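A closer look at the structure
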Amino acid sequence: MNIGVFAQEYLRAAVRKPGQFLQARPARLCTICGHEGRFLDVGPRPEARCPNCSSKERDRIMGLYLRANRLDLADKAVLHFSPERPFFRLWKDNPRYVAGDVKISKVANAVVDITNIQFADDHFDYLICHHILERVPDDAQGMRECFRVLKPGGTAFFSVPLDQSRAETWEPPADMPAAEIERICGWDHVRLYGRDFPDKLAAAGFDVDEIRFSAEDGDRSRLAEKHALEPQGLDRLFVCRK
């Protein structure tokens, strides 16, 4: 058990939503740290966070895929954009792990612009990009850069808020006010992805597999998340190979 994280998460949950502890909850299983027990509410999302490693639903989808495929990235060359805390804790001591963000933070060790990545061609074994591209004005350039720095045979993981009711991604008109774009797409987002998202990844050169989880896994590990703006589901992972 990670005592420090556990105490911090329980204290935060007790302050923000104390009533949750009056409700009976089943034991959940974290696909990242292996913790089995009560999960904590995050805002309107019940049982969204693992108290032992701080994982959220989208993190555990990635964790489930890694476990199911017995992938260990601890000693691999990895480029990870805006790292999720549970994975950063696991991999931060790997000298080949680049935790990139637009600025240095407690969970980033490098400044990396996804549209102009400073590393050479064919550099990384793995690349992780969760909930980044919806914030990037030139997302096609970002995808091309991700493809460029990935080694032949390497694997990239992508996820975005995805509106399954849309066949095509919605891009706002050039003159639309930022406040209206955020009302439609979500905070700090610049587009609303549709079912053509994997086609966009393929256009950058990737071979794309869309991964969904079973209802049983979804319930056991609380994998399903819904975006604040319906109907953007955050329930799938795109595994891309070069």
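The preceding data block contains the structure.
Residues numbered from 1 in each chain as written. Predicted model: local features only at pLDDT ≥ 70, side-chain atom pairs only at ≥ 80, totals over all residues. Heavy atoms only, no water.

Turning to the pattern of salt bridges, a few remarks are in order. Tallying each qualifying case throughout the model produces 24 salt bridges. Ionic pairing is found between Asp 41 and Arg 25, a salt bridge with its closest N-O pair at 2.8 Å. Remark: Arg 25 occurs in the loop between helix 1 (3-16) and strand 1 (28-29) and Asp 41 occurs in strand 3 (residues 40-42); sequence separation between them is 16 residues. The partner of Lys 76 in a salt bridge is Asp 75, with the nearest N and O atoms 3.0 Å apart. Residue classification places Asp 75 among the partly exposed residues on the basis of a relative accessible area of 48%. (Salt bridge = Lys/Arg side-chain N within 4 Å of Asp/Glu carboxyl O. Helix = DSSP H or I, 4+ residues; strand = E, 2+ residues; numbered from the N terminus. Buried < 20%, exposed > 50% of the residue type's maximum accessible area, 1.4 Å probe, protein only.)

Most of strand 9 (residues 150-159) is tucked away, with seven of its 10 residues classed as buried. Pairing analysis gives six bridges linking strand 8 (residues 124-130) to strand 9, with the strands arranged parallel. Residue pairing across strands places Leu 127 opposite Ala 156, the latter belonging to strand 9. Of the crossover connections in this fold, the one passing from strand 8 over helix 4 (residues 139-149) to the parallel strand 9 is right-handed. Bridge count for strand 9 against strand 13 (residues 236-241) is four bridges, and the pairing is antiparallel. Residue Ala 156 lies in a different strand from strand 13, and its bridge partner there is Cys 240. (Pairing = 2+ DSSP bridges. Right-handed = clockwise from strand over helix to strand, strands pointing away.)

Applying the stated criterion to the full structure yields 12 aromatic pairs. Ring geometry for Tyr 126 and Phe 157: centres 6.3 Å apart, planes at 10 degrees, overall stacked. Taken together, the residues Tyr 126 in strand 8 and Phe 157 in strand 9 connect sequence positions 31 residues apart. You can call Phe 157 buried: its relative accessible area is 0%. Ring plane angle 65 degrees and centroid distance 5.6 Å describe the contact between Phe 158 and Phe 206, whose orientation is recorded as edge-to-face. (Phe/Tyr/Trp six-rings, centres within 6.5 Å; stacked < 30°, edge-to-face > 60°.)

This part is about the sheet that holds strand 8. Reading across the sheet, the seven strands line up as 7-6-5-8-9-13-11 and stay open at both edges, with mixed pairing between neighbours. Both outer strands of the open sheet, strand 7 (110-111) and strand 11 (207-212), are each paired with one neighbouring strand and no more. Bridge count for strand 11 against strand 13 is six bridges, and the pairing is antiparallel. Its bridge partner lying in strand 13, Ile 211 is registered against Leu 237. The strands that helix 2 (residues 57-68) touches are strand 8, strand 9, strand 11 and strand 13; relative to strand 13, the one it contacts most, it runs at about 50 degrees. Its contacts with the sheet place helix 4 against strand 5 (78-81), strand 8 and strand 9, and it is angled at close to 140 degrees to strand 9. (Contact = heavy atoms within 4.5 Å. Axes fitted to C-alpha atoms, helices over the stretch in contact; angles between N-to-C directions.)

The next thing to look at is unusual backbone geometry. With phi around 45 degrees, Ser 82 is a residue other than glycine that occupies positive phi space. Relative to the assigned elements, Ser 82 resides in the loop between strand 5 and helix 3 (85-91). For Ser 82, a relative accessible area of 29% gives the class partly exposed. Positive phi is not limited to glycine here, since His 131 has a value of about 60 degrees. When you line up the elements, His 131 lands in the loop between strand 8 and helix 4.

What follows is about the nonpolar core. In this structure, Leu 79, Phe 81, Leu 127, Leu 133, Phe 158, Phe 197 and Phe 206 are the most contacted members of the largest nonpolar core, which totals 29 residues. Counting residues per element, the ones that place at least two in this core are strand 5, strand 8, helix 4, strand 9, helix 6 (197-203) and strand 13. Setting aside chain neighbours within four positions, we find Phe 197 in contact with Leu 133, Met 143, Phe 158, Val 160, Leu 162 and Phe 238. (Core = buried A, V, L, I, M, F, W, Y, C linked by side-chain atoms within 4.5 Å.)

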